[in-house]
Amino acid sequence: MQEVYKNIFMEALPLPNNPLKNLNLFIIKGESRSMIVDCGFNLEETKQRMLDVFEKYALDFDKTILYLTHLHSDHVGLATFLRERGVEVYISQVDGKILNNPDATWAATYTNAMLQGLSEDNFKIEEHPGYQYAIEGKLDFREAIVGERLSIDDYEFEILDLAGHTPGMTGLYERKHKLLFCGDHILQRITPNITFWGFQYGDSLGTYLKNLDKVYDLDVKHLFSSHRELVKDHRERIDELKDHHEKRLEEVKKALALKKYSSVRDVTKQMHWDIKSRNFDEFPQSQKSFATGEAHAHLEYLRHRGQADYIQKDEKLYYFLLV
Ligand SMILES: [Zn+2]
């Protein structure tokens, strides 16, 4: 147990077989009600750990709020399990809707993979890691509305729009104490994955960078992020993340300059990836779609700024530079 601030505790919830290793679980212990931020994979051992947490902190199911920053299964896996026990669950309408429509969501993931050129790699949705640990059934949730507040004793948390990593990610900002629960918006040592969610969700990288600037301007003394060690200086880390994406955009432009028309897959193959496999063709299936999704988000960022465009042929998109 670690008290990271007055009446705010952090526990490491294991994420088995996942490179992220742990989820930082936050417990805000109050007199009349308490709050938990995010909840780990839907797995037997995680369930037991969660029940232990409720016992250890003497939390009542019906006097505890579960606040979900975003829809990823390492954050929401146990949400229906806790909801059935009486815990009130909050998530943004955008992410909640995606979460509660898994068939449409996976169909869209498949369509995007085809647009990106992954038909060549025999892409299968069943091999996508998020597919295996999804929540059970539909989640009965209350909408986390940006700008509204949730109070736990002396703390007044304001719901903040942190979209980018997912289309509806939100965070909780406590102005008086200068605390921010940021989900996966800013992580130490890991660059949060920014992917293409589909044209209806717009320019996810542009949204992400805008929301990094928003957090940069906030007065934050304690940044509570969901994985790895906590970030000490949020501005320094934001500068590093922005720098990373700047370099990535340069890489994408260089890749586009090699040919007249490039599929997202072509561009991805030209980019550098921190994966042990020697080249893209040897990537594990799941890593291929992560990589093309990220490349695609960067391509769309360029397109939204008039620096690139695409044509569509059959099921595939082909991007080109606009000079
Ligand atoms: Zn995430």
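1. Things to note about the sheet that holds strand β10 (residues 170-174)
Inference 1: Taking strand neighbours across the sheet as the criterion, the 5 strands line up as β8-β9-β10-β11-β12 in an open arrangement whose pairing is mixed. The open sheet is flanked by β8 (149-152) and β12 (222-225), the only strands paired with a single partner. Between one strand axis and the next, the sheet turns through 25 degrees on average, direction left out of account.
Inference 2: Sheet topology note: the strand β11 (residues 179-183)/β12 ladder contains 4 bridges and is parallel.

2. A word on the packing of aromatic side chains
Inference 1: A complete count under the given rule lists 14 aromatic pairs for this structure.
Inference 2: Look at Phe280 and Phe283: their rings are 5.3 Å apart centre to centre, the planes differ by 50 degrees, and that puts the pair in the tilted class.
Inference 3: Judged by its relative accessible area of 5%, Phe280 is buried.
Inference 4: Taken together, the ring pairs connect Tyr5, Phe26, Tyr155, Phe157, Phe181 and Phe224 into an aromatic cluster.
Inference 5: Its guanidinium or amino end placed over the ring of Tyr216, Arg235 lies 5.4 Å from that ring's centre, counting from NZ or CZ.

3. Some points on the environment of Thr111
Inference 1: Inspection of the secondary structure puts Thr111 in helix α5 (residues 102-116).
Inference 2: Along the primary structure Thr111 and Gly198 are separated by 87 residues, whereas in three dimensions their C-alpha atoms are 8.8 Å apart.

4. Quick look at the sheet that holds strand β4 (residues 34-37)
Inference 1: Spatially, 7 strands are ordered β1-β2-β3-β4-β5-β6-β7 in an open sheet, and the strand pairing comes out mixed. Each edge of the open sheet carries a strand with a single partner, namely β1 (2-5) and β7 (142-143).
Inference 2: As defined by bridge partners, β1 adjoins strand β2 (residues 8-14) across 3 bridges and the pair is classed as antiparallel. Paired with Glu3 across the bridge in β2 is Phe9.
Inference 3: Sitting on the sheet, helix α1 (residues 44-56) is in contact with β2, β3 (22-28), β4 and β5 (64-67), with an inclination near 160 degrees to β2.

5. Some points on the side chain of Asp74
Inference 1: You can see Asp74 is positioned in helix α2 (residues 73-76).
Inference 2: If sequence neighbours within four positions are ignored, Asp74 has contacts with Leu15, Leu20, Leu23, Cys39, Gly40, Phe41 and His227.

6. Focus on the pairing of β3
One face of the sheet, then the other: side chains in a regular strand alternate in exactly this way.
Inference 1: Most of β3 is tucked away, with 6 of its 7 residues classed as buried.
Inference 2: Judged from the 7 bridges that link them, β2 and β3 form a sheet pairing that is antiparallel. Residue Glu11 lies in a different strand from β3, and its bridge partner there is Leu25.
Inference 3: Where β3 meets β4, 3 bridges bridge the pair, whose relative direction is antiparallel. Considered in β4, the bridge of Ile27 is made with Ile36.
Inference 4: Between the antiparallel neighbours β3 and β4 lie 5 residues.

What counts and how
Residues numbered from 1 in each chain as written. Predicted model: local features only at pLDDT ≥ 70, side-chain atom pairs only at ≥ 80, totals over all residues. Heavy atoms only, no water. Pairing = 2+ DSSP bridges. Helix = DSSP H or I, 4+ residues; strand = E, 2+ residues; numbered from the N terminus. Axes fitted to C-alpha atoms, helices over the stretch in contact; angles between N-to-C directions. Phe/Tyr/Trp six-rings, centres within 6.5 Å; stacked < 30°, edge-to-face > 60°. Buried < 20%, exposed > 50% of the residue type's maximum accessible area, 1.4 Å probe, protein only. Lys NZ or Arg CZ within 6 Å of the ring centre and 35° of its normal. Contact = heavy atoms within 4.5 Å.

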